[in-house]
Structures are given as C-alpha cells and as structure tokens.
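# Analysis of the macromolecular model
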Amino acid sequence: MDRSSLLQLIQEQQLDPENTGFIGAETFTGLVHSHELPLDPAKLDMLVALAQSNERGQVCYQELVDLISSKRSSSFKRAIANGQRALPRDGLLDEPGLGVYKRFVRYVAYEILPREVDRHWYFYRHRSCPPPVFMASVTLAQIIVFLCYGARLNKWVLQTYHPEYMKSPLVYHPGHRARAWRFLTYMFMHVGLEQLGFNALLQLMIGVPLEMVHGLLRISLLYLAGVLAGSLTVSITDMRAPVVGGSGGVYALCSAHLANVVMNWAGMRCPYKLLRMVLALVCMSSEVGRAVWLRFSPPLPASGPQPSFMAHLAGAVVGVSMGLTILRSYEERLRDQCGWWVVLLAYGTFLLFAIFWNVFAYDLLGAHIPPPP
C-alpha cells in the first residue's frame, strides 16, 4: 500500500473527520481487518505501541504513514519506545512451525538486535533477496587469491617471507604509495593460511549476519572504511612496513558488534554472551599479538620489514566509532542523526591528514623506506 492510497482510504472512511492529524488505533485496526489489507503482524503490533504512547490511544497520521511505508525516523522510534509496553510479551522464540531458513533469520535477529520490537520488525520484514553477497564475495575472493599465490609460490604459511610475494600488485608497500589502489586491495592478500582462516571465519560468522540485518551498503561501507583506515594508519605510524590481510575491515565489524552488545547488554538475548564475549576478545587479542611478534621478531630471514599490525588497531577504532553509530541506527536514516555527521567529519579529517602525510611527510622527514620490489 502506498502513501496516496492510504490517504484516500482514510478520507473515504472519514477516520479523521475533524482533521486533527490523529487517528484512533482501534478504528484503523478494524479497517485493516475488514478490508483485508496486507499489513504484516509486526506493523500491527507497532501500531498498538504507537497508540499506547498517546494519552488518547490515537496514532499521529505521519507516524502511521511512516509505519505503512516502512520508514522509521528518530521520532517514530521514540514513539515506539514510549509505547513498547503494549507489544506482545511472547517472543519470536515461541513462534511455531518455522522452516530452516526462517529459524536462521530468527537466530540472526537474536544475535544482532537488542530490542524485541526491532527483532519482530526484522523477522517479519526480512526477504531472502537480495542475499548477503558482499561479505560472501569478499571472503571467496580472498580464498581464491590465497590459493593462486599459494600454488604459485608453493608456500601456504608465512607467505610474506617469499621474495616474490611482495611483488604482487595487490600488496600495500610504502614504496608504491602512488599506486592508490593498493590502500584497498591489500585486503585480498594474507600472511598465510592461519590469518586467512581467522579473518574468513569472522567475516562469515559476524559479517554475514550484520549484512543480513543492516544491509549491503552500510556493512560494505564499514568494512571498506576499516580497510582504508588500516593502510593509511600504517603509512603514518609504521612508515617502513607493508600491509596485507583484511584485518582492518574484520576488526571494524567485530569491534562494532562487540561494542553494541556491551552497550545493550540487558537487551541482547544471544546465549552464553559473556563467554562468547571473552572468547572473542581473547582471539582478537591473540591475533594482534601474533602480528606484533611477526613484525618485530620474524621467525625466518626476510628481505625487508614484515607487515604491520597497526591495521588491526585502526579497524577497531573505526568499528567503535563509525560502526557503533551504524549498528545503533537499525532501520533509521543516518543522515538525520547528528552523531553520524560528527563521525563522518572525523573520518574525513583523518583521510585528508593521511593524504597530505603520504604526499609530503616521507620526503620532509627523510624516511628510509625499503626499496619497492
């Protein structure tokens, strides 16, 4: 149902004869049932919640239009929150007769979203098309690239110690800073099977559910922002080191999700959340520690500096700032939020500083970078 047909139906039924801008919730609900309008159960539940947020049990016309057109502004969310006590107490866990895919959708809802009203909204509005193609495509591309270089170099662990590895046009190397694509394409290269396995596992276990809930555009933006911030941070803080691996993007996703879980601890219904939180932090810290060890204490002779670990930390910062803003804005327009513009301004300032640094600082500081392969 579009906005014009909804307006016409309201006028025909004289639901607001005095033009007050408010419509009785019970009257509209009866109209929905009598005309068999295609309004899903989640929206009917929210209609009741909106009515409960009003002293007279009425719904603001604009909020009703937003509900029908699946728009959720900040004021809409506040109205829902005020009337949330009217929502049904039975959760999605009690939903009977679900198929395998719908059970997976329910699992994703409880893993990612902290509020029951949002879980209902996602569960009833979710469609399998388009599928979460971004994280799956990135992971598949990383695996293919790794297999190609593994077969070519005949080396599957610590590939960066092979003299031919750094000649790849995908690797970020400080001697090739002018080739701007390397600041992003390094995410397809990995130190070895252990780093690829860790990143691929997190991308599929955390990235895919996040993409299912928040959409391709937001999650791809967050992931690529973490990747770009990782290489630029290395170019500033560890000027002689190359970078490989998708850890900047992975840590952006994981840090955003973990921060969202902590800030909404009481509302999250995922099982064993404390144990899983501790396990995730231990694994992420271990991966950073491993990267630090390989950077400063290489176990094998190497022709130059080994990849930096600063991309991990930069990705985590992007996740806690930009990522948390995205995850806390489920089904809301980011452009309407002041915090989003603050984050974008900070990220844009960092990008400009990093660009000027890469253009001028290496020569001004006389940095001794290893010759490019």
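Residues numbered from 1 in each chain as written. Predicted model: local features only at pLDDT ≥ 70, side-chain atom pairs only at ≥ 80, totals over all residues. Heavy atoms only, no water.

Per an unreviewed UniProt entry, the protein chain carries the name Rhomboid-related protein 1 and comes from Acinonyx jubatus. The UniProt entry for the protein chain carries the following comment under Catalytic activity (unreviewed entry): "Cleaves type-1 transmembrane domains using a catalytic dyad composed of serine and histidine that are contributed by different transmembrane domains." In its Function (unreviewed entry) section, the UniProt record describing the protein chain reads: "May be involved in regulated intramembrane proteolysis and the subsequent release of functional polypeptides from their membrane anchors." (UniProt positions renumbered as here; feature names shortened; annotations may be inferred.)

This part covers the overall build of the protein chain. Helices and strands together make up the secondary structure of the protein chain, namely 15 helices and two strands. Among the 373 residues that make up the protein chain, the fraction classed as buried is 50%. For the protein chain, the proportion of contacts with a sequence separation of at least 24, taken over those separated by at least 6, is 74%. Here the protein chain has roughly 18200 Å² of accessible surface; of this, 64% comes from carbon and sulfur atoms. (Helix = DSSP H or I, 4+ residues; strand = E, 2+ residues; numbered from the N terminus. Buried < 20%, exposed > 50% of the residue type's maximum accessible area, 1.4 Å probe, protein only. Contact = heavy atoms within 4.5 Å. Areas by Shrake-Rupley, 256 points an atom, 1.4 Å probe, with all protein chains shown as cover.)

Each aromatic ring pair is specified by the distance between its two centres and by the angle formed by the two planes. Taken as a whole and judged by the stated rule, the model has nine aromatic pairs. With a centroid separation of 6.0 Å and 20 degrees between ring planes, the pair formed by F356 and F360 is classed as stacked. Of this pair, F356 and F360 both sit in helix 15 (residues 338-365), four residues apart, which is roughly one turn of that helix. Over the face of the ring belonging to F123 we find K102, whose NZ or CZ atom lies 4.2 Å from the ring centre. One residue, R177, lies across the ring of Y362, its end atom 3.7 Å from the ring centre. (Phe/Tyr/Trp six-rings, centres within 6.5 Å; stacked < 30°, edge-to-face > 60°. Lys NZ or Arg CZ within 6 Å of the ring centre and 35° of its normal.)

This part takes up the pattern of salt bridges. Think of it this way: side chains of opposite charge can pair up when their charged atoms draw near. According to the stated counting rule, one finds seven salt bridges in the structure shown. Here D336 makes a salt bridge to R333, at a shortest N to O gap of 2.8 Å. One salt-bridge network, in which partners are shared between bridges, spans E194, E287 and R290. (Salt bridge = Lys/Arg side-chain N within 4 Å of Asp/Glu carboxyl O.)

With that out of the way, let us pick up the nonpolar core. Among the nonpolar cores identified, the biggest contains 64 residues, and Y122, Y223, V318 and M322 are the most heavily contacted of them. What M322 contacts, discounting residues up to four positions off in sequence, is L222, A225, W340, V343, L344 and Y347. Listed in part, the twelve residues of the second largest apolar core include Y149, L153, Y161 and M166. (Core = buried A, V, L, I, M, F, W, Y, C linked by side-chain atoms within 4.5 Å.)

Taking the numbering used here, the UniProt-annotated feature "transmembrane region" (unreviewed entry) corresponds to residues 133-152, 183-204, 216-236, 248-267, 274-296, 308-327 and 339-360. Helix and strand shares over residues 133-152 are 100% and 0% respectively, and the end C-alpha atoms of the span are 28 Å apart. Within the segment residues 248-267, helix and strand shares are 80% and 0% respectively, and the terminal C-alpha atoms sit 28 Å apart.

For an α-helix, 3.6 residues make a turn, and residues three or four places apart therefore share a direction. Helix 7 (residues 116-125) sits mainly inside the fold: eight of its ten residues count as buried. Turning to helix 7, its buried residues are E116, V117, D118, R119, H120, W121, Y122 and F123.

For the rest of this paragraph, the subject is the environment of Y101. For Y101, the location among the structural elements is in helix 6 (residues 100-112). Note on Y101: relative accessible area 38%, which makes it partly exposed. With near-sequence residues (within four places) excluded, Y101 lies in contact with H126, S128 and M212. Within the structure, the side chain of Y101 is placed 2.7 Å from the side chain of H126, a separation counted as a polar contact. (Polar contact = N/O pair within 3.5 Å; in protein donor to acceptor, adjacent residues only side chain to side chain.)

Moving on to unusual backbone geometry. Residue C129 is joined to P130 through a cis peptide bond whose omega torsion reads 5 degrees. As for its placement among the helices and strands, P130 is situated in the loop between helix 7 and helix 8 (133-153). The phi dihedral of L158 falls on the positive side, at around 55 degrees, and the residue is not glycine. Its location among the elements puts L158 in the loop between helix 8 and helix 9 (182-185).

Before going further, it helps to examine the UniProt feature "active site" (unreviewed entry) in the protein chain. According to UniProt, the positions carrying the feature "active site" (unreviewed entry) are S247 and H312. These annotated residues cover 66 residues of sequence, but their C-alpha atoms sit close together, with the largest distance between any two at 5.5 Å. In this fold, S247 is placed in helix 12 (residues 247-263). Setting aside anything within four residues of it in sequence, one finds S247 in contact with Q195, N199 and H312. Its place among the elements puts H312 in helix 14 (residues 310-327). If sequence neighbours within four positions are ignored, H312 has contacts with S247, Y251, E287, V288 and A291.

Take helix 12 next. Between its first and last C-alpha atoms helix 12 spans 24 Å; for 17 residues at 1.5 Å apiece the expected length is 24 Å, and the two agree. Counting buried positions along helix 12 yields 15 of 17 residues, so the element is predominantly enclosed. (Expected span 1.5 Å × (residues − 1).)

Take the environment of L258 next. Structurally, L258 is set in helix 12. You can call L258 buried: its relative accessible area is 13%. Taking the C-alpha atoms as reference points, L258 and A280, separated by 22 residues in sequence, lie 8.6 Å from one another. Apart from the residues lying within four places of it in its own chain, the contact partners of L258 are M277, A280, L281 and M284.

Next up on the list: the packing of helix 11 (residues 216-237) against helix 12. Where helix 11 contacts helix 12, the axes come no closer than 6 Å and their chain directions differ by 125 degrees. Between helix 11 and helix 12, the crossing angle belongs to the class labelled oblique. By crossing handedness, the relation of helix 11 to helix 12 is classed as right-handed. Contacts between helix 11 and helix 12 involve I219, L222, Y223, G226 and V227 on the former and, on the latter, G248, G249, V250, A252, L253 and A256. When the residues that make up the contact of helix 11 with helix 12 are grouped by side-chain class, the tally is eight nonpolar, three polar and no charged. (Axes fitted to C-alpha atoms, helices over the stretch in contact; angles between N-to-C directions. Parallel < 35°, antiparallel > 145°, perpendicular 65-115°, else oblique. Left-handed = near helix turned anticlockwise from the far one by under 90°. Nonpolar A, V, L, I, M, F, W, Y, C, P; charged D, E, K, R; others polar.)

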